[in-house]
Amino acid sequence: MIDWLLMAADYLFGIPFLGWGVTIGLVWKSLLMLILLLVITAYILLADRKIWAAVQMRRGPNVVGAFGLLQSFADLLKFVFKEPVIPAGADKVVFLLAPLIAVLLSLVAWVVIPVDEGWALADINVGILYVFAISSLGVYAIIMAGWASNSKYPFLGALRSAAQMVSYEVSIGFVIVTVLLVVGSLNLSDIVTAQKEMGIAHALGVPWMNFLNWFFIPLFPMFIIFFISALAETNRPPFDLPEAESELVAGFMVEYGSTPYMMFMLGEYLAIMLMCAMTVILFLGGWAAPLEIAPFTWIPGVVWFTLKSFMVFFMFAMVKMFVPRYRYDQLMRLGWKVFLPISIFMIVVVAFVLKLTGWGWNGGIA
């Protein structure tokens, strides 16, 4: 709306606002995305606690607001008004910079995420490479926090987190390669479009059964590897070794409290939401409806994208309930001795099948 008003002013009165209009439009869209992400994160955190409570037959947060709906905002106020305590021997600048970088990196990755057709702040052609690069930088915030705390326990937790994240980024990278082989594009919107225009449903002559085209069916082993690697990448149970309370007393965050601690947790949940969104884009058809018939087509794409992302997060939350925590050697073995060989094998298989059948979208591997 703002863009249209500024263009009208330029046309009627000769006021050169068009360039400013693009800038202002980008600013307000960025602010809207920021507000929505923070509000959704608050309720994702509440949902995580509620699901955990339901599995354990507890009520969970239920005091602040109706059904506990304002609990996350009460926690926010509690953290904000607490006094931040910085250890005497800590590097204060790096100590305070680490949580800020964690949140910033988790936020800027969202600018290329298309939640509907044309609904992305920056629909760049290398979107998936951008997300992979930004998520890879998140380990630096954790290393900075562990080193700046000037304590052996946070430093050990930071080292474990660095090794864990690097290990599972390899698996995530190979999973992404298999999707790129099929689609032939690094653009996230193209990946979603490919899951609407090609696949099993079209081969069977039932193109309206859109869910058959989604990549989680032909690339099911990679879908499982991506989901498990996303758990490890975001330090979710059963891979929460960097902050395992029974072993490292909250790991790299042990010296943090009040607002800096809250920022680390905010960055972690933003990263979890990002991985849920990437799972939806890569394997679950993005904003596409499962069936291209009424009344499914009446529902906006952004609603489908949100519902699918919440479904993936529910899977994240449930894994936390019924899978015991891995030992660190088991964690490393799974990443390097199981996921890495399977991923490389799948890349070879996918490339061979595409070259043999010519099934890829937009040129595929060519």
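This one's a predicted model, so the numbers in the text were calculated from it and none came from an experiment.

Reading the values: the criteria
- The numbers attached to residues start from 1 for each chain and follow its sequence in the written order.
- Side-chain atom pairs in this predicted model are given and counted only at pLDDT of 80 or more, local residue features only at pLDDT of at least 70, and totals for whole chains, interfaces and linings cover all residues.
- No hydrogens and no water enter the side-chain calculation; it runs on all heavy atoms of the structure.
- For helices the rule is a DSSP run of H or I covering at least 4 residues; for strands it is a run of E covering at least 2, with both sets numbered from the N terminus onward.
- Working rule for helices: expected span equals 1.5 Å times residues minus one.
- Here's how the labels work: a residue is buried when its accessible area is under 20% of the maximum for its type, exposed when over 50%, partly exposed in between, all with a 1.4 Å probe on protein chains only.
- For this analysis, a ring pair means two rings from Phe, Tyr or Trp (six-membered ring only for Trp) whose centres lie within 6.5 Å, classed as stacked if their planes differ by under 30 degrees, edge-to-face if by over 60, and tilted for the remaining angles.
- Whether a charge sits over a ring depends on NZ of Lys or CZ of Arg being within 6 Å of the ring centre and within 35 degrees of the ring normal.
- Confidence scores here are pLDDT values: one per residue, from the predictor, ranging 0 to 100.
- It only takes one pair of heavy atoms within 4.5 Å for two residues to be counted as in contact.
- Points on a 1 Å grid, built from protein atoms alone, make a cavity when a 1.4 Å probe fits but cannot get out and make a pocket when they are open with protein on both sides within 12 Å along at least 5 of 7 lines; residues with an atom within 4 Å of a point are the lining residues.
- Grid points are joined across faces, edges and corners, and a volume is the space filled by probe spheres set on the points.
- Three classes are used: nonpolar for Ala, Val, Leu, Ile, Met, Phe, Trp, Tyr, Cys and Pro, charged for Asp, Glu, Lys and Arg, and polar for all others, with Gly counted as polar.
- In this analysis an axis means a line fitted to C-alpha atoms, helices contributing only their contacting stretch, and an angle means the value between N-to-C directions, from 0 to 180 degrees.
- Roughly parallel means an angle under 35 degrees; roughly antiparallel, over 145; roughly perpendicular, 65 to 115; everything else is oblique.
- Patch construction takes residues with relative accessible area above 30% that form no salt bridge. Like charges are linked within 9 Å, and nonpolar side chains (Val, Leu, Ile, Met, Phe, Trp, Tyr) are linked within 5 Å.
- Each accessible area is a Shrake-Rupley estimate made with a 1.4 Å probe; only the visible protein chains count as cover when residues are assessed.
- Criterion for a salt bridge: a side-chain nitrogen of Lys or Arg within 4 Å of a carboxyl oxygen of Asp or Glu.
- Crossings are sorted by hand: turned counterclockwise from the far helix by less than a right angle, the near helix makes the crossing left-handed, and turned clockwise it makes it right-handed.

### Some thoughts on helix α11 (residues 258-283)
Turning to step 1, where the next piece is worked out: Helix length check: α11 (26 residues) gives 38 Å between terminal C-alpha atoms against 38 Å at 1.5 Å per residue, within 8%.
Turning to step 2, where the next piece is worked out: Counting buried positions along α11 gives 21 out of 26 residues, so the element sits mostly inside the fold.
Turning to step 3, where the next piece is worked out: G285 sits one or two positions beyond α11 and adopts a positive phi of about 80°.

### With respect to the packing of aromatic side chains
Turning to step 1, where the next piece is worked out: Taken as a whole and assessed by the stated rule, the structure comprises 14 aromatic pairs.
Turning to step 2, where the next piece is worked out: With a centroid separation of 5.8 Å and 70° between ring planes, the pair formed by Y43 and F73 is classed as edge-to-face. Here F73 lies in helix α3 (residues 71-81) and Y43 lies in helix α2 (residues 18-55), a separation of 30 residues in the sequence.
Turning to step 3, where the next piece is worked out: Site record: aromatic cluster; members linked through ring pairs are F216, F220, F223, F226 and F283.
Turning to step 4, where the next piece is worked out: Here the guanidinium or amino end of K78 rests over the ring plane of F79, the centre of that ring lying 5.1 Å away.

### Examining the confidence of the model for the protein
Turning to step 1, where the next piece is worked out: Averaged over every residue, the pLDDT of the protein is 84; residues scoring 70 or more account for 89%.
Turning to step 2, where the next piece is worked out: Counted against residues more than four places away or in other chains, residues 8-20, with its pLDDT under 50, gives 10 contacts.

### Re empty space enclosed by the protein
Unoccupied space between atoms shows up once a probe the size of one water molecule is rolled over them.
Turning to step 1, where the next piece is worked out: One pass over the structure, following the stated rule, counts 2 cavities of 30 Å³ or more.
Turning to step 2, where the next piece is worked out: Forming the walls of the largest cavity are 21 residues, and the residues nearest its centre are S106, G138, M165, G267 and A271.
Turning to step 3, where the next piece is worked out: Elements that contribute at least two residues to the lining of the largest cavity include exactly α4 (92-108), α5 (127-148) and α11.
Turning to step 4, where the next piece is worked out: Looking at the lining of the largest cavity element by element, the count peaks at 6 residues for α11.
Turning to step 5, where the next piece is worked out: In terms of residue class, the lining of the largest cavity is built from 13 nonpolar, 6 polar and 2 charged.
Turning to step 6, where the next piece is worked out: Its boundaries defined by the atoms lining it, the second largest cavity holds a volume of some 50 Å³.
Turning to step 7, where the next piece is worked out: Forming the boundary of the second largest cavity are I128, V131, F132, S135, I172, I176, F226, M275 and M278.
Turning to step 8, where the next piece is worked out: Listing elements by their share of the lining of the second largest cavity, those giving two or more residues are α5, α6 (152-183) and α11.
Turning to step 9, where the next piece is worked out: Here the lining of the second largest cavity gets 4 residues from one element, more than from any other, and that element is α5.

### Here we look at the environment of V280
Turning to step 1, where the next piece is worked out: When you line up the elements, V280 lands in helix α11.
Turning to step 2, where the next piece is worked out: When the C-alpha positions of V280 and F305 are compared, they lie 7.2 Å apart, and in sequence the two are 25 residues distant.
Turning to step 3, where the next piece is worked out: Apart from the residues lying within four places of it in its own chain, the contact partners of V280 are G285, G286, F305, K308, S309 and V312.

### Focus on helix α12 (residues 301-322)
Turning to step 1, where the next piece is worked out: The terminal C-alpha atoms of α12 lie 32 Å apart, and with 22 residues this matches the ideal 32 Å at 1.5 Å per residue to within 8%.
Turning to step 2, where the next piece is worked out: Those residues of α12 that sit buried are G301, W304, F305, K308, S309, V312, F313, F316, A317, V319, K320 and M321.

### Thoughts on the packing of α3 against α11
Turning to step 1, where the next piece is worked out: Packing of α3 against α11 leaves a shortest axis separation of 6 Å and a crossing angle of 135°. When the axis of α3 is compared with that of α11, the two are oblique. Every residue of α11 that contacts α3 at L76, F79 and V80 is listed here: S258, T259, Y261 and M262.

### Observations regarding a nonpolar patch on the surface
Turning to step 1, where the next piece is worked out: A grouping of I35, V39, Y43, F67, L69 and L70 is seen on the molecular surface, where their side chains present a nonpolar patch of about 570 Å² in accessible area.
Turning to step 2, where the next piece is worked out: Within the element layout of this structure, I35 appears in helix α2.
Turning to step 3, where the next piece is worked out: The exposure class of I35 is exposed, given its relative accessible area of 52%.

### Let's talk about the packing of α6 against α11
Turning to step 1, where the next piece is worked out: Interaxial distance between α6 and α11 falls to 11 Å at its minimum, and their mutual angle equals 30°. Relative to α11, the element α6 lies roughly parallel. As α6 packs across α11, the resulting crossing turns out to be left-handed. Counted together, I172, V175, I176 and V179 of α6 and M275, L282 and F283 of α11 form the full contact between these two elements.
Turning to step 2, where the next piece is worked out: A class-by-class count of the residues in the contact of α6 with α11 yields 7 nonpolar, no polar and no charged.

### Concerning the pattern of salt bridges
Turning to step 1, where the next piece is worked out: In total, this model carries 6 salt bridges according to the counting rule given.
Turning to step 2, where the next piece is worked out: Notably, a salt bridge pairs R325 with D240, separated by 2.8 Å at the nearest N-O pair. Taken together, the residues span a long stretch of sequence, with R325 in the loop between α12 and α13 (328-357) and D240 in the loop between α9 (220-233) and α10 (245-248) at a distance of 85 residues.
Turning to step 3, where the next piece is worked out: On the basis of relative accessible area, D240 is assigned to the buried category, the value being 10%.
Turning to step 4, where the next piece is worked out: Where R333 meets D329, a salt bridge forms, and the shortest distance between an N and an O atom there is 3.4 Å. With a gap of 4 residues between them, R333 and D329 both fall in helix α13, about one helical turn apart.
Turning to step 5, where the next piece is worked out: Classification of R333 as partly exposed rests on a relative accessible area of 39%.
Turning to step 6, where the next piece is worked out: What emerges from the salt-bridge pattern is a single network uniting D48, R236 and K320.

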